Amino acid sequence: MQKSQIGLVGLGVMGQNLALNMEDKGYFVSVYNRTASKTEKFAQDKIQDKKIQPTYSLEEFVDSLERPRKVILLVKAGQAVDDFIEKIIPLMDKGDLIIDSGNSFFKDTIRRNQYLEGKGFLFIGTGISGGEEGALKGPAMMPGGQKEAYNLVQDLFEKISAKALDNKPCVSYIGPHGAGHYVKMIHNGIEYGDMQLIGECVWTFKKALGLTSEEIAEIIEKWNNEDDVLSSYLIEITAESMKEKDKGKNNSLVDLVADITRMKGTGTWTVQSALELLVPIPTITAAVFSREMSQDKDLRLQLSKKIPSYREINKDINREELVGIAHDALYLAKLSSYAQGMALLQAASEKYNFNLNLKNIVEGWRAGCIIRAQFLDEITKVYQDNPKLLSLLVAPRFLDVVKNNLSKLAQFIGIAHSAGVPIPTMDGSFDYILQLGSPTMVSAQVTAIQRDFFGAHGYFKLKDMDNPEMILNKDKQWKEFHTQWMLPGRPEEEWS
Ligand code: NBP
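Residues numbered from 1 in each chain as written. Predicted model: local features only at pLDDT ≥ 70, side-chain atom pairs only at ≥ 80, totals over all residues. Heavy atoms only, no water.

Enquirer: Go over the nonpolar core with me, naming the residues and quoting the values.
Expert: Core analysis: the biggest nonpolar cluster contains 94 residues, and Tyr182, Trp365 and Leu392 have the highest contact counts within it. Apart from residues no more than four positions distant in its own chain, Trp365 is found in contact with Met142, Val183, His187, Ile190, Met342, Leu345, Ile371, Arg372 and Leu376. In this structure, Leu11, Leu18, Ala19 and Tyr150 belong to the second largest nonpolar core, which totals 30 residues. (Core = buried A, V, L, I, M, F, W, Y, C linked by side-chain atoms within 4.5 Å. Buried < 20%, exposed > 50% of the residue type's maximum accessible area, 1.4 Å probe, protein only. Contact = heavy atoms within 4.5 Å.)

Printed below as a string of structure tokens:
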């Protein structure tokens, strides 16, 4: 019997569609699922005339694969992946490859990679983005693991992945062990930011201008024009979904949807990683906290009866003007969010020796994935020109956006707040730019001296405060002091 070139375990939504995608690209595929009835149904309904072999035991599954065996796991992330690895490795041979394509936590992937490598197996942890449709028609893929492992599946991955407009496949070797899952995690964090930023624009249009969901959908739809800097999948689906009517009625569906946003964890992991690596990502953090706040529906209902709603006396706001301001504000806020995400990738690349190629990563997000956007072509060019760029905000083509749109973002924030709309991601994006653009953070001076006052934690003083170009850690241009706050005369002591 013809051996299959690839095996897939886990016939959930993603697994079924990925199996069909691989078969469509000419591969013989074996499939297995923990619950056999799902395999039976898949076999009956979807693969009658296809080169997909259903199997009903792990032994049958492993035996059906050509060597070296390549097995894709698409099961629920977490313990299920470890359990499955334990079940399948006694049946496999050294040199065989296991590919975890679920949304696994990158530190689990690093651990699994080491564990399996120690036993002689190859292991890839790959992020897959694009949901059900992406899995079927072409997802963006972010594989990490041994290079020799990637070489075994490069051809397959390039065939099944999405293709950008220039026909480049949306997949490339990301780096060792957990690099692929790390990059997928950041992709999802950026996605959280994008979604919340758009939501804040919608809310502002509703409250400041009193527009209906349908009217807002029409505005947003125009932002998806080919030559618009905001043109993206998320803008497209926001407009389309906001036009949807409740079944058989004239109400917009979105107005009836509960204001509760669930999440599965990748956004939270992104924020945790940022805290661990000390890289500020205020926009993405605000997006995660906004989802958490949305889940506190009962609390909001109770407290909103007591907390006075804030709204300044209705100012006359010109619709066309606000739409223009919102467009430019959203573009800059998005740019700020991507600058944060890319800075986190740079830091993680050093910390975990991922050796990330930012240009390839962004290039691979141009199609197939949820954050696909025209804007990513621009970011690709930026990293092509300068792979070591300090911040996306200062790339020449984006510095102009910062210069031109900063006052629009400030205006938008003012209008939204006046209308009583909370816009934490817009605030986060704006403050991030202001902080990075501040050679002296006065708030930090105050905090430093407060810490010394109550805890004798010391503070730094630059030798020459008149020289604004002094850099703290360079050439020891600073000294550490402590003021003896409790002693008369408050003598200052030099600590180093
Ligand atoms: P699920 O995440 O719901 O996983 C369903 C599959 O996991 C089924 O085959 C199920 O088998 C299997 N499974 C579970 Br649940 N527990 C298991 C265990 N202890 N041992 C073995 N198998 C187990 O479905 P999905 O939405 O297809 O997602 C698959 C992976 O892809 C997840 O990691 C997800 O985060 C990731 N992902 C999903 C999307 C998306 O849009 N859905 C996008 C990108 C990535 P059963 O049939 O026997 O219960």
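Now that the structure has been shown, we can carry on.
Enquirer: Run through the side chain of Asn33, naming residues and quoting values.
Expert: If you trace the backbone, Asn33 turns up in the loop between strand S2 (29–32) and helix H2 (36–46). Of the residues examined, Asn33 reaches a relative accessible area of 10% and is grouped as buried. Here Leu11 takes part through its backbone nitrogen, which lies 2.7 Å from a polar atom of the side chain of Asn33. In this structure the side chain of Asn33 is engaged in a polar contact, spanning 3.1 Å, whose partner is the backbone oxygen of Thr35. Discounting residues that sit within four places of it in the chain, Asn33 has contacts with Gly10, Leu11, Lys38 and Thr39. (Helix = DSSP H or I, 4+ residues; strand = E, 2+ residues; numbered from the N terminus. Polar contact = N/O pair within 3.5 Å; in protein donor to acceptor, adjacent residues only side chain to side chain.)

Enquirer: Run through the environment of Gly145, naming residues and quoting values.
Expert: Within the secondary structure, Gly145 sits in strand S7 (residues 140–145). Residue classification places Gly145 among the buried positions, given a relative accessible area of 2%. In contact with Gly145, other than residues within four places in its own chain, are Asn113, Phe123, Ile124, Tyr173, Gly175, Pro176 and His177.

Enquirer: Describe in detail the sheet that holds strand S8 (residues 459–462), supporting the description with residues and values.
Expert: Spatially, the three strands line up as an open sheet ordered S8-S9-S10, and their pairing is antiparallel. Taken across any chain shown, the strands that pair with only one partner, and hence form the sheet edges, are S8 and strand S10 (492–494). Across the sheet, the mean angle separating the axes of adjacent strands is 45° when strand polarity is ignored. Inspection of the sheet shows S8 paired to strand S9 (residues 478–483) by four bridges, in the antiparallel sense. From the neighbouring strand, Phe460 faces S9, where its bridge partner is Glu480. (Pairing = 2+ DSSP bridges. Axes fitted to C-alpha atoms, helices over the stretch in contact; angles between N-to-C directions.)

Enquirer: Pulling in residues and values, what's your account of the packing of helix H12 (residues 266–277) against helix H13 (residues 282–295)?
Expert: Where H12 meets H13, the closest approach of the two axes is 9 Å, and the angle between their N-to-C directions is 140°. As judged from the angle between their axes, H12 and H13 are oblique. Judged by the twist between their axes, the crossing of H12 over H13 is left-handed. Along the contact surface, H12 presents Gly267, Thr268, Thr270 and Val271, while H13 presents Ile284, Thr285 and Val288. (Parallel < 35°, antiparallel > 145°, perpendicular 65-115°, else oblique. Left-handed = near helix turned anticlockwise from the far one by under 90°.)

Structural measurements only, silent on function.
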